[in-house]
Amino acid sequence: MIHYLLIQNRQGKTRLSKWYTPYEDIEKRKLSSEIHKLVNSRESKFTNFVEFRTHKVVYRRYAGLFFSVCVDPTDNELFCLEAIHLFVEILDAYFGNVCELDLVFNFYKVYAIIDEVFLAGELMEPSKQVALQRMEFLDNLA
């Protein structure tokens, strides 16, 4: 189960976060800071998952952004990496070569995409085409 998803830039600014487990605001900021320090300091030759407190953090870097998910220690790391990659592929197809500014200025669309792909911390929609069709349907409603 995904406890939270963070998208952070290299400077440590959290561009987007989705929390599936309740935390206090102070704890959220502390977790975001600790995870950024953890993933930003790791060399690229190391694996993209690391033990963190009582959970596991699986992350992937795309250009200047870190996509990190905190999962249970028993979850499959490769499945989490594939879920991150699927999410980024959907973002890329929707925005057309997604960048950090797309996330900042269209955060409500990014949250809609997250809600289409993940439900209560689990992968809900594994099909990129279906998720994009649903987003197109939502765009046509507006």
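Definitions and cut-offs
Residues numbered from 1 in each chain as written. Predicted model: local features only at pLDDT ≥ 70, side-chain atom pairs only at ≥ 80, totals over all residues. Heavy atoms only, no water. UniProt positions renumbered as here; feature names shortened; annotations may be inferred. Pairing = 2+ DSSP bridges. Helix = DSSP H or I, 4+ residues; strand = E, 2+ residues; numbered from the N terminus. Axes fitted to C-alpha atoms, helices over the stretch in contact; angles between N-to-C directions. Contact = heavy atoms within 4.5 Å. 1 Å grid on protein atoms, 1.4 Å probe; cavity = no way out; pocket = protein on both sides within 12 Å on 5 of 7 lines; lining within 4 Å. Points joined across faces, edges and corners; volume = space filled by probe spheres on them. Nonpolar A, V, L, I, M, F, W, Y, C, P; charged D, E, K, R; others polar. Buried < 20%, exposed > 50% of the residue type's maximum accessible area, 1.4 Å probe, protein only.

As recorded in an unreviewed UniProt entry, the protein goes by the name AP complex subunit sigma, listed as coming from Tieghemostelium lacteum. UniProt annotates the protein under Sequence similarities (unreviewed entry) with the comment "Belongs to the adaptor complexes small subunit family."

Quick look at the sheet that holds strand S3 (residues 49-52)
Working definition: the strands of a sheet are paired by backbone hydrogen bonds and lie parallel or antiparallel to each other. The antiparallel open sheet is built from five strands, whose spatial order is S2-S1-S5-S4-S3. Edge positions in the sheet fall to strand S2 (14-19) and S3, since each of these pairs with one other strand and no more. With strand direction ignored, the average angle separating the axes of adjacent strands in the sheet is 20°. Inspection of the sheet shows strand S4 (residues 55-62) paired to strand S5 (residues 65-71) by seven bridges, in the antiparallel sense. Its bridge partner lying in S5, Lys56 is registered against Val71. Sheet strands in contact with helix H2 (residues 77-95) are strand S1 (2-9), S3, S4 and S5, and its direction is about 40° off that of S4. Packed onto the sheet, helix H4 (residues 107-117) meets S1 and S2 and runs at close to 35° relative to S2.

Focus on the layout of surface pockets
Taken as a whole, the largest pocket spans an internal volume of roughly 210 Å³. In terms of lining, the largest pocket is formed by Tyr62, Ala63, Gly64, Leu65, Phe67, Val88, Asp92, Asn97, Val98, Cys99, Glu100 and Leu103. Taken together, the elements giving at least two residues each to the lining of the largest pocket come down to S5, H2 and helix H3 (100-105). A per-class count over the lining of the largest pocket returns eight nonpolar, two polar and two charged. The space that makes up the second largest pocket amounts to roughly 150 Å³. Every residue lining the second largest pocket is listed: Arg10, Val39, Asn40, Arg42, Glu43, Ser44, Phe46, Asn48, Tyr59, Arg61 and Phe66. Of all the elements in the fold, those that place two or more residues in the lining of the second largest pocket are helix H1 (25-41) and S4. Here the residues of the lining of the second largest pocket are counted per class, giving four nonpolar, three polar and four charged.

Regarding unusual backbone geometry
Of note, Ala63 is a non-glycine position whose phi angle comes to about 55°, a positive value. Tracing the chain through its elements places Ala63 in the loop between S4 and S5. For Ala63, a relative accessible area of 70% translates into the label exposed. Here Ala120, not a glycine, exhibits a phi torsion of approximately 55°, which is positive. Relative to the assigned elements, Ala120 resides in the loop between strand S6 (118-119) and strand S7 (122-123). Of the residues examined, Ala120 reaches a relative accessible area of 55% and is grouped as exposed.

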